[in-house]
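# Structural features, examined
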Amino acid sequence: MLRVEEALEQVLAAVSPLEAEEKPLLTALGQVLAEDVVSRLDVPPWDNSAMDGYAVRAEDASSATLKRPVTLPVAGEVAAGQRPPALSPHTALRIMTGAPLPPGADAVVRFEDTDEEERRATKKDLGQISIHVPVVPSRNVRRAGEDLRQGERVLTRGTPLGAAHLGVLASLGRDTVRVHRRPVVAVLATGDELTPPGGELEPGHIYDINTYTTAALVRGIGGIPKVLGIARDTVDSVAEKMEQARDADLLLTSAGVSKGYYDLVKEVLASYGDLRLWEVRMRPGKPVAFGIIRGRKGSPWRRHVPHLGLPGNPVSSMVVFHILARPAILKMMGHASWESRAVEAILEEPIVNDDGRRVYARAVLTEREGETHARLTGAQGSNILSSMAKATGLAICPEDVPVMPVGAKVRVELLD
Ligand code: AMP
Ligand code: MG
């Protein structure tokens, strides 16, 4: 049996970050930067006011106090978006937040530090203003370039773009950005017993679950699922559906990898690639297939498509996705790391490991008295999807630990 790390290493070795594309900023959320971003201007581009108030020369009001205010004539007003007039010595200019600092001014006095309100309330002359606090240079002034400096590298290649990163790009005047392309992931369910949801169930049939869980997991981490539907358990049916994966970056099939059915998939893939069946030392999810599809003999595909054959049981299929497919998709997206977030928690129920595999137990986390506790979400059979729906994480019992008792510290990988 293969260790989880060995399986992951082989899957990761088969994929690379996808090529870069230039995308409109609004569509690039969650994609990974494929360029270093250097600022072509200062942000903000010029000194401006951080407050609504009065622009002054600090030296004209450096002695002001509430008892002995300094009164200056108000020479005009400047709002955000306007070009400011120059400030003459011994005068003030009314200024709004974000307005450029007038040449000659070096500080802004907030309305609250003047008699502005009192003058308004008593309908007094607003042609002058009394300042109540000593003014020092640079007070309430945002300096040009204090956020970003021209020529500075502000974002590095490999950064996943969140809202703030898109905002930084917008602040530089960019409306497009170079990011790694999102992988197209073909999703194929196999099984004679499967009926697509929406129709009536025939005797002996079940609804196809894995198409939905797999496609959702792909989309959830930023891939583009391409749903191929359901292949029947015949060589022709699987082969026909597989043809639709030729332009994908990854093919994820489900089922047909447990011992009874492997012959079928093996037969198809013998002519398409070099599929290997793995027994990975994990529970759930022991049977996993992995290979590279090169197209049919005599009609090779333009490019080679890595293929991960997930187990058929819905929980196993989701857990194997989490452990093997997710890192591969994140690598293709250009991410530099693909470890899932994990927390340490106190186990509230034992985890039993009776055959030396790494156990991924469905768990939910709760906070109590400043500590994180992990409770299992019910029956752990690999067909019990309801306990997956309740889980926020996978609590891990290592291969060589036969039982983790109540109270043990357990590592929980988060399913987000
Ligand atoms: P197999 O690997 O084909 O032996 O399938 C293992 C188990 O998973 C069987 O109980 C199948 O019915 C079930 N299974 C396979 N594919 C799906 C699917 N797409 N949705 C729900 N259950 C499935
Ligand atoms: Mg089957």
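A brief report on the enclosed structure follows. Here the residue index of a chain counts from 1 through its sequence in written order. Each chain gets a letter, beginning with A, and each ligand a number, beginning with 1, in the order they are written. Local features in a predicted model are, by the rule used here, given only for residues with pLDDT of at least 70; side-chain atom pairs are given and counted only at 80 or more, and totals for whole chains, interfaces and linings are based on all residues. As a rule here, side-chain values come from all non-hydrogen atoms in the structure, and water together with hydrogens is ignored.

## What to know about the packing of helix H4 (residues 210-220) against helix H7 (residues 314-332)
The criterion, for reference: As a rule, the C-alpha atoms of each element are fitted with a line to give its axis, helices using only the stretch in contact, and angles between N-to-C directions run from 0 to 180 degrees. Segments assigned H or I by DSSP are reported as helices when at least four residues long, segments assigned E as strands when at least two residues long, and all are numbered from the N terminus. When describing relative orientation, an angle under 35 degrees is termed roughly parallel and one over 145 degrees roughly antiparallel, while 65 to 115 degrees is termed roughly perpendicular and anything else oblique. A clockwise turn of the near helix away from the far one marks a right-handed crossing, whereas an anticlockwise turn of less than a right angle marks a left-handed crossing. Here, residues are in contact when the closest pair of their heavy atoms is within 4.5 Å. Under the convention adopted here, Pro, Cys and the residues Ala, Val, Leu, Ile, Met, Phe, Trp and Tyr are nonpolar, Asp, Glu, Lys and Arg are charged, and Gly plus all remaining residues are polar.
Orientation of H4 relative to H7, taken along the N-to-C sense of each, is 25°, at an axis distance of 10 Å. Between H4 and H7, the crossing angle belongs to the class labelled roughly parallel. Between H4 and H7 the crossing geometry is right-handed. For the pair H4 and H7, contact is made by Asn-210, Thr-213, Thr-214, Leu-217 and Val-218 and by Pro-314, Ser-317, Met-318, Phe-321 and Ile-329, respectively. Looking at side-chain class alone, the contact of H4 with H7 contains six nonpolar, four polar and no charged residues.

## Quick notes on the side chain of Asp-115
In this structure, Asp-115 sits in the loop between strand S7 (107-110) and helix H2 (116-121). Each residue touching Asp-115, except ones within four places of it in the same chain, is listed here: Ile-129, Ser-130 and His-132.

## Re the sheet that holds strand S6 (residues 92-95)
Two strands in a sheet stick together by hydrogen bonds in their backbones, pointing the same way (parallel) or opposite ways (antiparallel). Test applied: Two strands qualify as a pair provided DSSP detects at least 2 bridges between them.
Taken together, the five strands give an open sheet; going across it, the order is S7-S4-S6-S5-S8, and neighbouring strands pair in mixed fashion. Single-partner strands in this sheet number two, and they are S7 and strand S8 (128-131). Neighbour to neighbour, the strand axes of the sheet diverge by 45° on average, direction disregarded. In terms of strand pairing, strand S4 (residues 53-56) meets S6 through three bridges, oriented antiparallel. The residue of S6 that forms the bridge with Ala-55 is Leu-93.

## Quick look at the site of ligand 1
How we decide: By convention in this text, a residue qualifies as near a molecule or strand provided that one of its non-hydrogen atoms is within 4 Å of it. A 3.5 Å cut-off defines polar contacts: any pair of N or O atoms within that distance qualifies, except that in protein one atom must be a possible hydrogen donor and the other a possible acceptor, and neighbouring residues in sequence count only when both atoms are side-chain atoms. Method for areas: the Shrake-Rupley scheme with a 1.4 Å probe, in which residue coverage is limited to the protein chains shown.
Close to ligand 1 lie 17 residues; Glu-193, Asp-208, Ile-209, Ser-258 and Gly-312 are nearest. Contacts to ligand 1 include Asn-210, whose side-chain N or O atom sits 3.4 Å from a nitrogen atom. Interatomic distance of 3.1 Å between a backbone N/O atom of Gly-256 and an oxygen atom of ligand 1. The fraction of the free accessible surface of ligand 1 (490 Å²) that becomes covered by protein chains is 81%. For the shell around ligand 1, the secondary structure elements donating two or more residues are strand S12 (184-190) and strand S14 (206-207). Here the residues of the shell around ligand 1 sort into nine nonpolar, six polar and two charged.

## Focus on the sheet that holds strand S17 (residues 276-279)
Here we have six strands laid out as an open sheet, ordered S15-S12-S16-S20-S19-S17, and mixed in their pairing. Single-partner strands in this sheet number two, and they are strand S15 (224-231) and S17. Here the average twist between neighbouring strands, direction ignored, is 20°. With respect to the sheet, H4 is in contact with S12, S15, strand S16 (250-254) and strand S20 (299-310), its orientation differing from that of S15 by roughly 170°. Of the strands in this sheet, S12, S15, S16, strand S19 (287-296) and S20 are in contact with helix H5 (residues 235-243), which crosses S15 at around 160°.

## Description of the nonpolar core
Operational definition: Nonpolar cores are built from buried Ala, Val, Leu, Ile, Met, Phe, Trp, Tyr and Cys residues. Side-chain atoms within 4.5 Å join them into one set. We call a residue buried when its accessible area falls under 20% of the maximum for its residue type, exposed when it is over 50%, and partly exposed in between, using a 1.4 Å probe and counting protein chains only. For the domains described, the bounds stem from an automatic or database domain assignment.
Ranked by size, the top nonpolar core spans 37 residues in total, and within it Leu-252, Leu-308 and Ile-329 carry the most contacts. Elements with a minimum of two residues in this core: helix H1 (4-13), S16, S19, S20, H7 and strand S25 (393-397). Counting residues per element, this core draws most heavily on H7, which supplies twelve residues. Looking at which domains feed residues into this core, each of domain 1 (4-16 + 182-332) and domain 4 (342-414) supplies at least three. Not counting chain neighbours up to four residues away, the residues in contact with Leu-308 comprise Val-11, Leu-251, Leu-252, Thr-253, Val-288, Ala-289, Phe-290, Leu-324 and Ala-325. Residues Leu-264, Tyr-272, Trp-301 and Val-305 belong to the second largest nonpolar core, which totals 21 residues.

## Concerning the environment of His-132
Looking at the element boundaries, His-132 is found in the loop between S8 and strand S9 (141-142). Residues His-132 and Val-218, 86 residues apart in the sequence, show an inter-C-alpha distance of 61 Å. For His-132, the residues in contact, after removing those within four places along its chain, are Ala-64, Thr-65, Leu-66, Pro-69, Asp-113, Thr-114 and Asp-115.

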